[in-house]
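# Structural description and commentary
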Amino acid sequence: MVNGKIDLRSDTVTVPTDAMRKAMCEAVVGDDVYGDDVTVNELEALAAEMMGKEAGLFLPSGVMSNQIALFTHVNRGEEVILPDHCHIVVHEAGAAAILAGAQLRTVQNVKGEMPLDVVERYIRKDPQDIHQPKTALITYENADSDGQVCSLSYMEQIRTLADRYHLPVHLDGARIFNAATKLGVEAKEIAKYADTVSVCLSKGLCAPVGSVLVGSKTFIAEARRKRKIIGGGMRQVGILAAAGKIALLEMSKRLQEDHDNAAYLMEELSKVKGITVFPERQQINMVFFRLDGYPLSSEKLMQYLAEKGVKINGADNGIMRFVTHYDVTREEIDRVVAYMKEV
């Protein structure tokens with residue numbers, strides 16, 4: 001439970017573990033803008049090492065991490081190729097236009113992956129053509145909000161394509177450890193196909209806040225300047241970084257439990273009359289389903305479950321999503337399914 005409620009809205013709702021709270025209380029801190037916060041420095045180095053990169057930059061949020069990446073990779077008026085339903089396009093409030101001045105050229109997702117022939121077709125081939133923007137970056141998610149995980153072969157092909165046209169690749173790795181768990185590899189095996197990676201500490205890993213942007217030393221140095229420009233410079237933030245270290249070292253290793261609980265939840269939901277589940281989309285800790293003849297609408301279901309102490313989101317284009325995480329137990333899943341059967 002989270003604050004006495006069963007919360008299936010997202011894996012962002014997790015609260016810090018007891019070990020995190022203790023580490024936060026005891027953290028050695030300093031002024032991070034001066035580079036004096038030892039705990040932040042340790043977190044940044046740890047994240048970089050785990051992703052196989054040279055350096056890292058601690059940021060307050062995944063949105064800021066992605067946007068600093070774009071702000072650093074892309075000059076104003078240049079173009080970014082990315083999936084049409086990715087977080088940068090749908091859930092970051094148009095920040096790419098405001099901060100980086102980037103133009104977004106979207107490609108339709110097919111089971112979580114952009115068709116490679118379309119990506120290549122969308123790359124602007126003639127940088128001397130004064131009528132067209134210049135392609136500056138390719139970016140995508142390794143595990144998107146639709147629960148789809150990109151294959152290693154796909155990521156390798158994107159890397160090869162980007163190299164052919166001398167383009168950098170940014171990976172929104174918000175759930176990179178979920179993807180690594182699904183693929184049975186270390187996170188750096190995913191990260192190696194991108195120049196920069198944004199790693200979220202608060203999605204399923206229980207840290208209270210924060211993401212780390214990793215890349216080359218040169219890139220991160222410039223990204224640090226961009227962080228300052230948008231007001232992201234922080235002071236004694238090792239208090240938060242201490243929880244982030246535990247997120248990376250410990251909580252990233254237990255995600256199979258969340259995936260197994262999601263598979264169990266999907267199986268139990270399939271037994272509820274009037275519900276259609278989508279097994280092909282249950283790849284990580286997310287369960288997707290549609291109300292087909294169920295007695296309640298999504299809005300009424302939200303209200304009904306809220307009265308039972310369960311928090312859920314409504315439908316998105318007719319599809320509902322439940323998310324499992326550290327603060328959801330198998331017994332709580334059984335309770336939610338029982339409530340839904342009682343309607």
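The structure we're discussing is the one just above.
Residues numbered from 1 in each chain as written. Predicted model: local features only at pLDDT ≥ 70, side-chain atom pairs only at ≥ 80, totals over all residues. Heavy atoms only, no water.

## As for the overall build of the chain
For clarity, the cut-off: Helix and strand definitions follow DSSP, with helices as H or I runs of at least four residues and strands as E runs of at least two, each counted in order from the N terminus. The globule rule is 2.2 Å times the number of residues to the power 0.38, and the radius of gyration it is compared with is taken over C-alpha atoms. Burial status follows relative accessibility: with a 1.4 Å probe on protein chains alone, a residue under 20% of its type maximum counts as buried, one over 50% as exposed, and anything between as partly exposed. Any two residues having at least one pair of non-hydrogen atoms within 4.5 Å are treated as being in contact. Only the protein chains shown count as cover for residues, and the accessible areas themselves come from Shrake-Rupley with a 1.4 Å probe. None of His or the chain ends enter the tally, which takes Lys and Arg as positive and Asp and Glu as negative. A single reference atom marks each charge: NZ on Lys, CZ on Arg, CG on Asp, CD on Glu.
Looking only at helices and strands, the chain features 14 helices and 12 strands. Here the C-alpha radius of gyration of the chain, 21 Å, is about what a compact globule of 343 residues would show, namely 20 Å. The buried share of the chain, reckoned over its 343 residues, is 55%. Within the chain, residue pairs in contact and separated by at least 24 positions form 73% of the contacts whose partners lie at least 6 positions apart. Accessible area for the chain stands at about 14,700 Å²; split by element, carbon and sulfur atoms hold 50% of it. Within the chain, one finds 40 positive and 47 negative side-chain charges whose respective centroids are separated by 2 Å.

## Some details on the sheet that holds strand 5 (residues 135–141)
We apply this condition: By the convention used here, strands pair only if DSSP detects at least 2 bridges between them. Axis geometry follows a simple rule: fit a line to the C-alpha atoms, using only the stretch in contact for helices, then measure angles between N-to-C directions, giving values from 0 to 180 degrees.
Read from one edge of the open sheet, seven strands run 2-8-7-6-5-3-4, paired in mixed fashion. Pairing within the sheet leaves two strands with one partner each, and these edge strands are strand 2 (55–59) and strand 4 (103–107). Strand after strand, the sheet turns through a mean of 20 degrees between neighbouring axes, direction not considered. Bridge count between strand 6 (residues 169–173) and strand 7 (residues 196–200): four bridges; the pairing is parallel. For glycine 173, the partnering residue across the bridge sits in strand 7 and is valine 199.

## What about the environment of arginine 330?
So the rule is basically this: Counted as a polar contact is a pair of N or O atoms within 3.5 Å, where, for protein atoms, one must be capable of donating a hydrogen and the other of accepting one, and residues adjacent in sequence contribute only when both atoms are in side chains.
Along the polypeptide, arginine 330 turns up in helix 14 (residues 330–341). Owing to a relative accessible area of 37%, arginine 330 belongs among the partly exposed residues under this scheme. As for arginine 330 and asparagine 261, which are separated by 69 residues in sequence, their C-alpha atoms are 6.5 Å apart. For arginine 330, the side chain forms a polar contact with the side chain of asparagine 261, separated by 2.8 Å.

## Considering helix 2 (residues 38–51)
This is how it is decided: In a helix, the anticipated span is given by 1.5 Å times the number of residues less one.
Compared with an ideal rise of 1.5 Å per residue, which puts 14 residues at 20 Å, helix 2 spans 20 Å between its outermost C-alpha atoms and is within 8% of the ideal. Two to three positions downstream of the cap, the backbone nitrogen of threonine 39 sits 3.1 Å from a side-chain oxygen, assigning the N-cap of helix 2 to aspartate 37. Taken from the residues just after helix 2, glycine 52 is the one with a positive phi, measuring 70 degrees.

## Thoughts on the nonpolar core
The test is simple: Here, the term nonpolar core denotes a set of buried Ala, Val, Leu, Ile, Met, Phe, Trp, Tyr and Cys residues that are joined through side-chain atoms within 4.5 Å.
If you look at the biggest cluster of nonpolar residues, it comprises 61 residues, and the most contacted ones within it are Met51, Phe58, Ile138, Tyr140, Ile176, Phe177 and Leu248. Once residues lying within four places of it in the same chain are set aside, the contact partners of tyrosine 140 are Pro83, Met114, Cys150, Tyr154, Met155, Ile158, Val169, His170, Leu171 and Asp172. Listed in part, the 25 residues of the second largest apolar core include Ile6, Ala262, Met266 and Leu301.

## What to know about the pairing of strand 5
For the record, the criterion: For the handedness criterion, the strands are oriented away from the viewer, and a crossover whose path from the first strand over the helix to the second runs clockwise is classed as right-handed.
Most of strand 5 sits inside the fold, with seven of its seven residues counted as buried. Note: strand 3 (residues 79–83) against strand 5, three bridges, orientation parallel. Counterpart to valine 80 in the pairing with strand 5 is leucine 137. Of the pairings in the sheet, the one linking strand 5 to strand 6 comprises four bridges and is parallel in character. Counterpart to glutamate 141 in the pairing with strand 6 is aspartate 172. For the crossover that starts at strand 5, traverses helix 7 (residues 152–164) and ends in the parallel strand 6, the hand is right-handed.

## Digging into the pattern of salt bridges
Two side chains that carry opposite charge are able to pair once their charged atoms sit near each other. The condition is simple: Whenever Lys or Arg places a side-chain nitrogen within 4 Å of a carboxyl oxygen from Asp or Glu, that contact is recorded as a salt bridge.
Using the criterion set out here, one finds 20 salt bridges in the structure. Between arginine 124 and glutamate 79 there is a salt bridge, with its nearest N and O atoms 2.8 Å apart. One end of the pair, arginine 124, is in the loop between helix 6 (116–122) and strand 5; the other, glutamate 79, is in strand 3, and 45 residues separate them in sequence. Residue classification places glutamate 79 among the buried positions, given a relative accessible area of 1%. Overlapping salt bridges, with partners in common, bring together Arg159, Asp163 and Asp195 in one network.

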